Amino acid sequence: MARLATCEVSLDGRILTIKGEKEHEKEEKDKNYLRVERARGFFSRTLELPAEVDQKDVDATYKKGILKVVLKKTA
């Protein structure tokens, strides 16, 4: 089962960056053996937002495998 081990969300002007680490573990059992595979990987995504946002009012939540980032435009 894959899971997100760490996640960092940062905002610099109109540049939003999401960095994280994923972990995956698969276990297979049989009468004569047990095999466990583990994998780990890092990722980083950067994107430019189409408008200025209020940097003091940023909300990020992670629930049930979904990262939700809420940004509000400045006036």
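Everything discussed here concerns the structure shown above.
Predicted, not measured: the structure shown is a model, and the values here were computed from it.

The rules behind each value
- Residue numbers restart at each chain and count upward from 1, following the sequence in its written direction.
- Reporting in this predicted model follows two pLDDT cut-offs: at least 70 for local features of residues, and 80 or more for side-chain atom pairs to be given and counted; totals over whole chains, interfaces and linings ignore these cut-offs and use all residues.
- The basis for every side-chain value is the complete set of non-hydrogen atoms in the structure, without hydrogens or water.
- The helix count covers DSSP runs of H or I at least four residues long, the strand count covers runs of E at least two residues long, and both are numbered beginning at the N terminus.
- Here's how the labels work: a residue is buried when its accessible area is under 20% of the maximum for its type, exposed when over 50%, partly exposed in between, all with a 1.4 Å probe on protein chains only.
- Criterion for a salt bridge: a side-chain nitrogen of Lys or Arg within 4 Å of a carboxyl oxygen of Asp or Glu.
- The contact rule is simple, with two residues in contact once any of their heavy atoms fall within 4.5 Å.
- If DSSP finds at least two bridges between two strands, the strands pair.
- Any N or O atom pair separated by 3.5 Å or less is treated as a polar contact, with the protein-specific requirement of one donor-capable and one acceptor-capable atom, and with residues adjacent in sequence counted only for side-chain atom pairs.

Draft legend 1. Just the overall build of the chain, in detail. Across its full length, the chain holds zero helices and five strands. Element order for the chain, N to C, with α for helix and β for strand: β-β-β-β-β. Taken along its principal axes, the extent of the C-alpha atoms in the chain is 65 × 20 × 15 Å. Counting over 75 residues, the chain shows a buried share of 15%.

Draft legend 2. Focus on the pattern of salt bridges. Counted by the stated rule, this structure contains eight salt bridges. Here Glu 48 and Arg 14 are joined by a salt bridge, their closest N and O atoms 3.6 Å apart. Separated by 34 residues along the polypeptide, Glu 48 in strand β3 (residues 34-48) and Arg 14 in the loop between β1 (2-12) and β2 (15-29) bring together distant segments of the chain. The class of Glu 48 is exposed, set by a relative accessible area of 57%.

Draft legend 3. The environment of Val 58, seen in detail. Along the chain, Val 58 falls in strand β4 (residues 53-63). Residue classification places Val 58 among the partly exposed residues on the basis of a relative accessible area of 32%. In this structure the C-alpha to C-alpha distance between Val 58 and Asp 30, which are 28 residues apart in sequence, comes to 48 Å. Non-local contacts of Val 58, meaning those with residues more than four positions away in its chain, are made with Leu 11, Val 70 and Leu 71.

Draft legend 4. Expanded view of the pairing of β3. Bridge analysis of β2 against β3 gives 15 bridges, and the strand direction is antiparallel. Residue Thr 17 lies in a different strand from β3, and its bridge partner there is Thr 46.

Draft legend 5. Structural detail: the side chain of Thr 17. Relative to the helices and strands, Thr 17 is located in strand β2. The exposure class assigned to Thr 17 is buried, which follows from its relative accessible area of 13%. A polar contact is formed between the side chain of Thr 17 and the side chain of Thr 46, at a distance of 3.5 Å. Excluding its chain neighbours within four sequence positions, the residues that come into contact with Thr 17 are Glu 8, Val 9, Ser 10, Ser 44, Arg 45 and Thr 46.

Any functional reading would require information beyond the geometric quantities listed.
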